[in-house]
Amino acid sequence: MKKIKIFPMILLICVLLSGIAPCAWALDSPKLNGKAAILVDLDSGKMLYGYNEDEQRAPASMTKVMTVLLALDAIDAGRCDLGTMVTAQEDCRAGMEEDSSSSGILPGMELSMRDLLYCALLQSANEACNIIGRYLGGSVKGFVEQMNQKAEELGCSNTHFVNTNGLPAEGHYSSARDIATIFSAALEYPLFSEIIDSTSYQPENSAINEGMPIGNSNALINITATYSYNGRYLYEGAHGGKTGYTRAAGYCLVSSAERDGVRVLSVVMGCDGPLNADIEECYSFVDARALYDWAFDGFSYRTVISSTEPITKVNVDMAEGDGMVMLYPASDVRLLMPKDVSDDVISRSTVIYDQRLVAPLAAGTVLGEIQLSADGESYGSVKLITTSDVELSRSAYLKERLGEIFSKGWVIALLIIVLAFVLIYTVLVVRYRRLRRRHLEERRRAEQRRRAQRQRERSEAGGYTTLDPSERFDIGADMSDYFDDRIR
């Protein structure tokens, strides 16, 4: 059997809503008879109303929800199934008095796990819980230890179990909030809802309940519930639950109801009723109805943020265009709010996770969140995302990369060395050329002086003189040097 999470709880991953306390909206509280109560929004798991919700009280047969929850865990893990046959042991009726809730199961009887679960939840059979506990835990004591461990895992800080069924025992207690938590966990199994929503069940074993069908003790959904309430507690939209009663605990009830999309869970503890107050009214059902009326009359879901609503623009470095990107909520945000309260009471605060955003970014990238609050109390948040791809600008990317390269110390040092080398080389080349030109100029002038000297000597000799071979060589060299100088 697969555990199926309730869809709104999946939505809660994106929209984590905090509790909406009635005092925040200044609503009138419902009038109740019991000693403790809580009303929870099933879609968010948060409290709408609480009264002594954390007070430790005897939970009576609401304990059986935890017993069945562990059995459902075992079925889901493959340790057993609904057809698994279990033999009732000699201690199955331990601690039970003659008037204890029972399905008439006796030691030695063989029963299916299906029969045991229905007996435990519908008829509140104490012996069925002991049989389940011994089978799954090896012993009732060992199973009770598992119950306490599960309660701790669920975060139940005001719960401690001593037995499997809720019969009076010192140190056996829970609170309205913890019972709501345990019941919510059980609702994640469709089989649990299937069982508690049944008004009656015909056991497979004909020895159970003398072969007669067993009825659901929840008078909110069953007109033939115990004590012949004649249907006066039937409630439109009510779903299954678990009743409980001991003299120490009073009348107790955990149940749920739904109308117009509003799904709520209530727990009432310590109520008066026929057995402990000598009255006809059973106030566990009265209080549950009052809580449901208060919720359905006063609250409704509304969308306070739409996924199509633009929230804020952010700058994305190296993005195409102007670099500004609009962010939108990842999903709609629906809050269960009083019908007469305006959306204006919800304040918004935008948080962007990274100081610097860089392209490219894929559509749906989470970049921040928008937080909701009212009167200083947090009402949850929703992620902010891009709704389209943010493309990378190639020119901006190149500029960024070059900037990064030339910002490195070793690159700057290398550039300085190269520039210094180029500068020195240039200076040396210029100096070399200047010195060479000077040398050539001096050589040319020397040759001119030598030629002039020879000319004077010839003039003084009075005429033409045949040049000897050495002089002809010198003249050729002079002309060569002359043309070299002109070319340069």
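Our subject is the structure that appears above.
Residues numbered from 1 in each chain as written. Predicted model: local features only at pLDDT ≥ 70, side-chain atom pairs only at ≥ 80, totals over all residues. Heavy atoms only, no water.

Outline the packing of helix H3 (residues 64-76) against helix H4 (residues 113-122), supporting the account with residue identities and numerical values.
Contact pair H3 / H4: the axes reach a minimum separation of 10 Å and the direction vectors enclose 160 degrees. On the basis of their axis angle, the class for H3 and H4 is roughly antiparallel. Between H3 and H4 lies a crossing whose hand is left-handed. On H4, the residues that touch Lys64, Val68, Ala71, Leu72 and Ile75 of H3 are Met113, Leu117, Ala120 and Leu121. (Axes fitted to C-alpha atoms, helices over the stretch in contact; angles between N-to-C directions. Helix = DSSP H or I, 4+ residues; strand = E, 2+ residues; numbered from the N terminus. Parallel < 35°, antiparallel > 145°, perpendicular 65-115°, else oblique. Left-handed = near helix turned anticlockwise from the far one by under 90°. Contact = heavy atoms within 4.5 Å.)

Before we move on, can you summarise the sheet that holds strand E3 (residues 46-51) with the specific residues and values?
Spatial strand order, E3-E2-E10-E9-E8: five strands in an open sheet with antiparallel pairing. The open sheet terminates on both sides in strands that have one partner only, identified here as E3 and strand E8 (238-246). Across the sheet, the mean angle from the axis of one strand to that of its neighbour is 10 degrees, orientation sign disregarded. Two elements, strand E9 (residues 250-259) and strand E10 (residues 262-271), share eight bridges in a ladder whose sense is antiparallel. For Ala257, the partnering residue across the bridge sits in E10 and is Val264. Packed onto the sheet, helix H7 (residues 176-187) meets strand E2 (36-41), E3, E8, E9 and E10 and runs at close to 135 degrees relative to E10. (Pairing = 2+ DSSP bridges.)

Which residues make up unusual backbone geometry, and what are the values?
Note the cis peptide between Ala359 and Pro360, where omega equals 0 degrees. Secondary-structure assignment places Pro360 in the loop between strand E16 (357-358) and strand E17 (366-374). The backbone of Asn52 shows a phi angle near 50 degrees, a positive value even though the residue is not glycine. Backbone geometry at Asp260 places phi at a positive 50 degrees, although glycine is not the residue there.

So, the pairing of E17: which residues are in play, and what are the values?
Relative to E17, strand E15 (residues 347-352) runs antiparallel, the two being bridged by six bridges. Paired with Ile352 across the two strands is Gly368, which belongs to E17. Pairing between E17 and strand E18 (residues 377-386): eight bridges, direction antiparallel. Bridging from a neighbouring strand, Leu372 pairs with Gly380 of E18. If you look at the hairpin formed by E17 and E18, you'll find two residues sitting between the two strands, and Asp375 has a positive phi there, around 55 degrees.

Go over the pattern of salt bridges with me, naming the residues and quoting the values.
Within the structure shown, the criterion is met by 17 salt bridges. The partner of Arg134 in a salt bridge is Asp91, and the shortest N-O contact between them spans 2.7 Å. Within this pair, whereas Arg134 is found in helix H5 (residues 126-137), its partner Asp91 is found in the loop between strand E4 (85-87) and strand E5 (110-112), the two being separated by 43 residues in sequence. Classification of Arg134 by relative accessible area gives partly exposed; the value is 29%. The partly exposed category is assigned to Asp91, whose relative accessible area is 26%. A salt bridge links Glu258 to Arg263; its shortest N-O distance comes to 4.0 Å. Taken together, the salt bridges that share partners define one network made up of Asp43, Glu258 and Arg263. (Salt bridge = Lys/Arg side-chain N within 4 Å of Asp/Glu carboxyl O. Buried < 20%, exposed > 50% of the residue type's maximum accessible area, 1.4 Å probe, protein only.)

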